[in-house]
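# Working through the structure, step by step
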Amino acid sequence: MQLALLLFLLVGTCRADYFFGDLKDWFDKITAPNEYCNREWITLDGKGYGKGLEADLGRYLFGQHIASDVILNAMTGFMNNDNPKKSLVLSFHGRAGTGKSLASQLIVKNIFKKGMDSRFVHFFDSIINFPHASLVETYKSQLQNWIRGNVTNCAHSMFIFDEMDKMHPGIIDGIKPFMDYHYKLDGVSYQKAIFLFLSNGGGEIIRESTLVSWKAGKKREELKLEDLETALSSLGFVYYGESIVVDFFIPFLPLERQHIVQCIMVEMVAMGLQPDHNKACEISDKIVNYIPDDERRISVPGCKRIAGRLWHFMQ
Ligand SMILES: Nc1ncnc2c1ncn2[C@@H]1O[C@H](COP(=O)(O)OP(=O)(O)OP(=O)(O)O)[C@@H](O)[C@H]1O
Ligand SMILES: [Mg+2]
């Protein structure tokens, strides 16, 4: 009997953490508030909208003056409009590691209290979610139902499509009506929804234009949306077809050494280290490779490989 009691106490002590951990999870689940489609959880109007996004873009998104300006203006205009005629559609273009995903996360963070965990934010990756060309019709109707159901549930839903350049045109055709100038489709209004498309398409055009402008002696900040938009929208024509549903084609410029230094400093902080500018400058030359070969001006992977490689270069 005593032995049984001892065993019970021993096992109980060992499992207490486990047991109370479970209990806490369960308690959290029943007490955690649900997320609703209302202003407690979502920024629903423009009053004061923009300040947080402006600060976040200025603070976290390096070297993207065009993208930052256009995103801020497009988002502020849309959020301030009580009766938008159509959903907002932004198409982000640029080479890998230039901040497209980061920018989309900053947009989300400034609308949804739960950020990317919000149940009103829907993320798709063409390669992962729609891999088989033979299943296009199935994907198309599933996606249409998903968008219809979710917008019916919450008009302010957001849909993010990554790897857009790899998306089958049949699927794009299927979702275009939701982004067009329709008052309602089957009784559902899509005018308050936001669609973000992310792709590497156009990255080469943007890179060439940046280099040409630099060789002509211009400052990076002198590059304007208009210098790149025509080229990008003709590319958009290839993706989205005749119906021009996209409100802005937004270029993400290739990142230069100064931005790599900034990204290294961010990673140093993330790793719990003291940010050291001199060390970051020193590492910036080795941690990523640069093109063109003679000038070594543009980082090939952007800021992408820094997090994984920094520790090695700090030794
Ligand atoms: N312009 C930038 N300013 C600050 N950090 C950046 C920038 N670009 C990239 N980063 C950082 O580099 C990493 C990769 O960036 P991100 O995922 O946004 O790139 P991407 O443009 O979406 O690339 P891909 O086309 O491969 O998806 C992230 O940690 C991000 O914070
Ligand atoms: Mg990305």
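Residues numbered from 1 in each chain as written. Chains lettered and ligands numbered in written order. Predicted model: local features only at pLDDT ≥ 70, side-chain atom pairs only at ≥ 80, totals over all residues.

### Side note on the overall build of the chain
Check the secondary structure of the chain and you find 12 helices and seven strands. Per-residue burial over the chain gives 32% buried out of 315 residues. (Helix = DSSP H or I, 4+ residues; strand = E, 2+ residues; numbered from the N terminus. Buried ≥ 20, exposed ≤ 12 C-beta atoms within 10 Å, placed from the backbone.)

### Notes on the sheet that holds strand E2 (residues 121–125)
Across the sheet, which stays open at both edges, the five strands sit in the order E2-E3-E4-E1-E5 with parallel pairing between neighbours. Two strands close off the open sheet at either side, each with one partner strand: E2 and strand E5 (248–252). Across the sheet, the axes of successive neighbouring strands diverge by a mean angle of 15°, strand direction being ignored. The sheet contact formed by strand E1 (residues 88–94) and strand E4 (residues 194–199) spans six bridges and is parallel. Of the residues in E4, the one forming a bridge with valine 89 is phenylalanine 195. Here helix H3 (residues 65–80) sits on the sheet and contacts E1 and E5; the angle it forms with E5, its principal contact strand, is near 150°. Sitting on the sheet, helix H4 (residues 100–109) is in contact with E1, E2, strand E3 (158–162), E4 and E5, with an inclination near 165° to E4. (Pairing = 2+ DSSP bridges. Axes fitted to C-alpha atoms, helices over the stretch in contact; angles between N-to-C directions. Contact = placed C-beta atoms within 7 Å.)

### Side note on the packing of helix H2 (residues 51–60) against H3
Two elements in contact, H2 and H3, have axes separated by 10 Å at closest approach and are oriented at 170°. As far as their axial angle goes, H3 and H2 are roughly antiparallel. Where H2 abuts H3, its residues Leu53, Glu54 and Leu57 lie against Ser68, Ile71, Leu72 and Met75. Partitioned by chemical class, the residues of the contact of H2 with H3 number five nonpolar, one polar and one charged. (Parallel < 35°, antiparallel > 145°, perpendicular 65-115°, else oblique. Nonpolar A, V, L, I, M, F, W, Y, C, P; charged D, E, K, R; others polar.)

### Examining the site of ligand 1
Close to ligand 1 lie 20 residues; Ala96, Gly99, Lys100, Ser101 and Cys303 are nearest. The greatest single-element share of the shell around ligand 1, amounting to three residues, is contributed by H4. Residues from two domains meet in the shell around ligand 1; each of domain 1 (51–252) and domain 2 (257–314) gives at least three. (Near = placed C-beta within 6 Å. Domains from an automatic or database assignment.)

### Details of helix H11 (residues 277–287)
Turning to H11, its buried residues number three or more, namely Ala280, Ile283, Ser284 and Ile287. The arc enclosing the buried residues of H11, seen along the axis, measures out at 120°, which places them on a common side. Turned more than 90 degrees off the buried face of H11, the exposed positions are Asn278 and Lys286. Packing partners of the buried residues in H11 comprise helix H10 (257–270) and helix H12 (306–314). (Arc of directions from axis to C-beta.)

### Focus on unusual backbone geometry
At the junction of isoleucine 291 and proline 292, the peptide bond is cis and its omega measures out at -10° in the coordinates. Position of proline 292 among the secondary structure elements: in the loop between strand E6 (290–291) and strand E7 (298–299). Positive phi values are uncommon outside glycine, yet glutamate 163 reaches one of about 55°. Tracing the backbone through its elements, the reader meets glutamate 163 in the loop between E3 and helix H7 (169–179). What makes glutamate 163 partly exposed here is the crowd of 18 C-beta atoms within 10 Å. Backbone geometry places arginine 296, a non-glycine residue, at a positive phi of 45°. Looking at where arginine 296 falls in the secondary structure, it is placed in the loop between E6 and E7.

### Considering the environment of lysine 176
On the secondary structure map, lysine 176 appears in helix H7. Separated by 68 residues in sequence, lysine 176 and isoleucine 244 have C-alpha atoms that sit 9.2 Å apart.

### Comments concerning helix H8 (residues 203–215)
Spanning 13 residues, H8 covers 18 Å between terminal C-alpha atoms, matching the ideal 18 Å at 1.5 Å per step. One or two residues past the end of H8 sits glycine 217, with phi positive at roughly 85°. (Expected span 1.5 Å × (residues − 1).)

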